Amino acid sequence: MDLTSLRTANPEHWFKAAAIRTLTLDAVHAANSGHSGMPMGMADVATVLFEKHLKFDAAAPDWPDRDRFILSAGHGSMLLYALLHLTGYADMTIDELRNFRQWGARTAGHPEYGHAAGIETTTGPLGQGIANAVGFAMAEEAQRAHFGRKVVDHHTYVIAGDGCLMEGVSQEAIGLAGRHALSRLIVLWDNNNITIDGTVDIADRTDQPARFAASGWNVIEIDGHDPAAIDAALTRAKAADRPTMIACKTHIALGSSAQDTSKGHGALTDPGLIADTRAAYGWTWGPFEIPADIKAQWEAIGTRGATERAAWEARFATLSAAKQAQFTRAYDRQPPKRLAATIRALKKQVSASAPKLATRASSEKVLEVINPIMPETMGGSADLTGSNNTKTGDLGVFSPENRKGRYIHYGIREHGMAAAMNGMALHGGMRPYGGTFMCFTDYARPAMRLAALMKIPTVFVMTHDSIGLGEDGPTHQPVEHLAISRATPNTFVFRPCDTVETAESWEIALTAQSTPSVLSLTRQGLPTLRTEHKTRNLTAQGAYVLADATGRRQAILLATGSEVAIAMQAREMLEAAGIGTRVVSMPCWELFEEQAEAYRKRVLPAGPVRVAIEAGIRFGWDRWLFGERGRREKSGFVGMHDFGASAPADVLYRELGITAEATVEKVRALLGR
């Protein structure tokens, strides 16, 4: 690679790109950690993208119709941080770059959503960014169809590396994007042929352009250091009728002695290497020093979109008052005013009619009243629509022929679905939810964790939530999955016992501002236990007394979901034997933890023996059994201790000992009777 020819062919472009490269070298050196090579290799691509194509205004980073830029190769975070600083984002100061990877800095090792304006999503776990981007592009298509092109008309750009494309989720993402002809999605592949262990060919021989083409993408191959070729490719990509992958042949750690080597992937901190590289760039300024003329050129790029933003604001003002209010409400993640009354009306009707329903069917009933009043919801399923009950009749199917459709057939792509839903939530103006079997949270798990980390209210509908699914057997019967979700910080895990609790759970999930929700729903039918209508959302308390002892309280039964009915049966038997028994329904542990201690003490007072009933493993239950004023020797658990088996649900419950009789026996033993 002849740097001299690159410098002399287009010196203005060269020095703008060199500003990214040198800031990267300086920040990684100061931190003594990081990844220098990718920003150095992709600086030319990023410079052309931001200067000539990306629609944004650094002074208004939340402008809804901005183009979205996603750095899927999140290890190269200094590329993004340098761009944000150079273009004039107010919170990305030079001191933030100096404090790269340090405590309290906005410049985390990998980009984190919410740390600074201009960071559209949290990346670093490879493949997540490109999969999020599919959701961003879907959101743009859906909103353009609903609100019109004059207020929604933007692109989603992604920089992805070899690692992103090796991760399995990338195939789920590109297959989904190709099927839906997401023409506003443009992926720039950093084709540098280097991974940590060596050249790509030691682990992979995939023809990536052919792979994308086979998945329905437009593919362009260019020299990633030729600004004219980059510009022309982006222009072609924006005119395509399908998503585009631009394969940018680049040199990792360009211009350094580590160029085109695995060493170049990581932290280049050697002072001699850095000095030699700066000299090769013709960069004579000191660490973290950007000459005024180059900074001014970059800041002009950052203000280029101001005129377009002002024009957008004028167009937005021409929408009807109702459309403006709907748009603003959705982007503010505010529920419609009618939501609470709608949920209350459904609860009242259900309490009166007392149907026996699987909570997955209860969920569908709730969605039937929610979806018509919340046009921002976008439903879907990973090829289990009829089992997850996630599609209501009013939604229509999202497709290239019907962008107004609000239901997505994700195919057998749990991970891709979860990541795309995160992208929709991050895009703004959307309330995505999607379903699969509870057991397959294993496949969706990386994206579910990132939803919690990013503090976005994605809703994961997980049905067939226990051995109650029956004959499909232990491969499909979740045992440890509730515990895994509950162990995740900032996640609401709802396990409702009937239709009333299901409605309350949905109300909380769809009004949450910064917490994702997991709805754990049954395959088998459950009786309505909340037969006395309460206007208050009791699930919002996390746990509450469903039925109290009629005499002296000697036992407290704690249960969730399908096992609350078992607890109620056991209570009846215990009460008949003169043992006063309280039943506590615990649909959401996380919300119960948030309650004042005085309330928790009223629900779980000291004294009575405690037995928890749940068709999952015990992990986590000890907090409630012998924490919160309980005693280890006066507590017990009725639930799973191993994997399940293939048999009808009632047989499984009986054979595995999750019954009212087993609960009564446990209580009696604890009482010494």
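Residues numbered from 1 in each chain as written. Predicted model: local features only at pLDDT ≥ 70, side-chain atom pairs only at ≥ 80, totals over all residues. Heavy atoms only, no water.

What to know about the overall build of the protein chain
Formally: Comment: elements are numbered from the N terminus, with helices defined as DSSP H or I runs of at least four residues and strands as E runs of at least two. Both definitions apply: the radius of gyration is a C-alpha atom measure, and the globule rule equals 2.2 Å times residues to the power 0.38. By definition, residues are in contact when any of their heavy atoms lie within 4.5 Å. Surface accessibility follows the Shrake-Rupley procedure with a 1.4 Å probe radius. Residue values consider only the protein chains on display as shielding. In this count, Lys and Arg are taken as positive residues and Asp and Glu as negative ones, while His and the chain termini are left out. The atoms used to mark charge sites are NZ of Lys, CZ of Arg, CG of Asp and CD of Glu.
Regarding its fold elements, the protein chain presents 27 helices and 16 strands. Relative to the 2.2 N^0.38 estimate, which gives 26 Å for 673 residues, the radius of gyration of the protein chain is 28 Å and therefore close to what a compact globule would have. For the C-alpha atoms alone, the extent of the protein chain along its principal axes is close to 95 × 55 × 45 Å. By sequence separation, contacts in the protein chain at least 24 residues apart represent 79% of the contacts at least 6 residues apart. Working note: accessible area of the protein chain is about 23900 Å², and carbon and sulfur atoms make up 51% of it. The protein chain carries 71 positive and 73 negative side-chain charges, and their two centres are separated by 8 Å.

Structural notes on the sheet that holds strand β5 (residues 244–249)
We count it as follows: Between any two strands, pairing holds if DSSP finds at least two bridges. Working convention: axes come from line fits to C-alpha atoms, limited for helices to the stretch in contact. Angles between N-to-C directions cover 0 to 180 degrees.
The 5 strands lie next to each other as β1-β2-β3-β5-β4, forming an open sheet whose pairing is parallel. Every interior strand has two partners, whereas the edge strands, β1 (68–71) and β4 (218–223), have only one. Adjacent strand axes in the sheet meet at a mean angle of 20°, parallel and antiparallel pairs treated alike. Sheet topology places β4 next to β5; 6 bridges connect them, and they run parallel. Note that in β5 the partner of E221 across the bridge is A247. Running at roughly 155° to strand β3 (residues 185–191), helix α3 (residues 37–53) makes contact with β1, β2 (156–161), β3 and β5 of the sheet.

Remarks on the sheet that holds strand β15 (residues 609–614)
What holds strands together in a sheet is hydrogen bonding between their backbones, with the strands either parallel or antiparallel. One open sheet holds the 5 strands; their spatial order is β12-β14-β13-β15-β16, and the pairing between them is mixed. The open sheet is flanked by β12 (544–547) and β16 (635–639), the only strands paired with a single partner. Put simply, the sheet's adjacent strands are angled 30° from each other on average, direction ignored. Note: β12 against strand β14 (residues 580–585), 3 bridges, orientation antiparallel. Paired with Y544 across the bridge in β14 is S585. Sheet strands in contact with helix α27 (residues 660–671) are β13 (553–559), β15 and β16, and its direction is about 155° off that of β15.

Let's talk about helix α22 (residues 563–576)
Rule in force here: Here the expected length of a helix is defined as 1.5 Å per residue gap, with one fewer gap than residues. Note on classification: 1.4 Å probe, protein chains only; a residue is buried when its accessible area is under 20% of the maximum for its type, exposed when over 50%, partly exposed between these limits.
Relative to the 20 Å expected for 14 residues at 1.5 Å per residue, α22 spans 20 Å between its end C-alpha atoms, a close match to the ideal helical length. Burial in α22 covers these residues: E563, V564, A565, I566, A567, A570, R571, L574 and E575. Where α22 is buried, its residues meet β12, β13, β14, β15, α26 (649–655) and α27. Positive phi appears at G578, one or two residues downstream of α22, with a value of about 85°.

Things to note about unusual backbone geometry
For F288, which is not a glycine, the phi torsion comes out positive at approximately 60°. Here F288 is to be found in the loop between α11 (271–281) and α12 (292–303). Positive phi, normally seen in glycine, also occurs at H464, with a value near 55°. As for its position among the elements, H464 is in the loop between β9 (459–463) and α20 (481–487). Using a relative accessible area of 5% as the deciding quantity, one classes H464 as buried.

Description of the packing of aromatic side chains
Rules: Paired rings are identified among Phe, Tyr and Trp, the last through its six-membered ring, by centres lying within 6.5 Å, and are further divided according to the angle between planes into stacked (under 30 degrees), edge-to-face (over 60) and tilted (the rest). For a lysine, the NZ atom is tested; for an arginine, the CZ atom; a charge sits over a ring if that atom is within 6 Å of the ring centre and within 35 degrees of the ring normal.
Taken as a whole and assessed by the stated rule, the structure comprises 22 aromatic pairs. Taking 6.3 Å as the distance between ring centres and 50° as the angle between the ring planes, the aromatic pair formed by W312 and F327 counts as tilted. Of this pair, W312 sits in helix α13 (residues 306–317) while F327 sits in helix α14 (residues 321–331), and the two are 15 residues apart along the sequence. In terms of burial, W312 and F327 fall into one category: buried. A centroid spacing of 6.0 Å and a plane angle of 25° characterise the contact between F437 and F440, whose relative ring orientation is stacked. The residues F437 and F440 share a single accessibility class, namely buried. Connected via pairs of aromatic rings, a cluster forms that spans F147, W312, F316, F327 and Y331. Its end group placed over the ring of Y281, R21 keeps NZ or CZ at 6.0 Å from the ring centre. Here the basic side chain of R486 rests over the ring of W589, its NZ or CZ set 3.8 Å away from the ring centre.

A word on the pattern of salt bridges
Stated formally: A side-chain nitrogen of Lys or Arg and a carboxyl oxygen of Asp or Glu constitute a salt bridge if their distance falls within 4 Å.
All chains considered together, the criterion is met by 36 salt bridges. Between E313 and R309 there is a salt bridge; the shortest N-O distance is 2.8 Å. Placement of the pair is E313 and R309 together in helix α13, with a separation of 4 residues, close to one helical turn. In this structure, the salt-bridge partner of E504 is R530, at a minimum N-O distance of 2.7 Å. Of this pair, E504 sits in helix α21 (residues 499–509) while R530 sits in the loop between β11 (517–520) and β12, and the two are 26 residues apart along the sequence. The same class applies to E504 as to R530, namely buried.

Observations concerning the packing of helix α18 (residues 414–427) against helix α19 (residues 441–454)
For the record, the criterion: Roughly parallel refers to an angle under 35 degrees, roughly antiparallel to one over 145, roughly perpendicular to one between 65 and 115, and oblique to any angle outside these ranges. Working rule for handedness: look at the near helix, and if it is turned counterclockwise from the far one by less than a right angle, call the crossing left-handed; if clockwise, right-handed. Any residue that is not Ala, Val, Leu, Ile, Met, Phe, Trp, Tyr, Cys, Pro, Asp, Glu, Lys or Arg is counted as polar, Gly included; the first ten are nonpolar and the last four charged.
Look at α18 against α19: their axes get within 6 Å of each other, and the N-to-C directions meet at 20°. In terms of their interaxial angle, α18 and α19 are classed as roughly parallel. Crossing handedness for the pair α18 and α19: left-handed. Here E414, H415, A418, A419, N422 and L426 of α18 come into contact with α19, specifically with Y443, A444, P446, A447, L450, A451 and M454. Split into classes, the residues belonging to the contact of α18 with α19 amount to 10 nonpolar, 2 polar and 1 charged.

Some words on the pairing of β5
How we decide: Handedness rule for crossovers: strands pointing away from the viewer, path from the first strand over the helix to the second running clockwise, crossover right-handed.
Of all 6 residues making up β5, 5 are buried, and the element is well covered by its neighbours. With 6 bridges joining them, β3 and β5 adopt parallel strand pairing. Each bridged residue has a counterpart across the sheet, and for I186 the counterpart in β5 is T244. For the segment spanning β4, helix α10 (residues 227–238) and β5, crossover handedness is right-handed.

Structural notes on the nonpolar core
We count it as follows: What makes a nonpolar core is a set of buried Ala, Val, Leu, Ile, Met, Phe, Trp, Tyr and Cys residues whose side-chain atoms join them at distances within 4.5 Å.
In this structure, F50, F69, L188, L234, I246 and W298 are the most contacted members of the largest nonpolar core, which totals 68 residues. Counting residues per element, this core draws most heavily on helix α2 (residues 11–31), at 10 residues. Those residues in contact with L234, other than ones at most four positions away along the chain, are V48, L49, H53, Y157, I186, L188 and I246. Ranked by size, the runner-up nonpolar core spans 54 residues in total, among them L185, M378, M421 and L450.

Side note on the side chain of K55
Relative to the assigned elements, K55 resides in the loop between α3 and β1. Setting aside residues up to four positions removed in sequence, K55 forms contacts with W63, D65, R66, D67, D153, H154 and E308.

A closer look at helix α8 (residues 168–179)
Here α8 contains 12 residues, and its C-alpha end-to-end distance of 17 Å stays within 8% of the 16 Å for a straight helix at 1.5 Å per residue. In this fold, the buried residues of α8 make contact with α6 (128–147), α7 (162–166), β3, α9 (208–214), β7 (407–409) and α18. One or two positions beyond α8, positive phi appears at A181, with a value near 50°.

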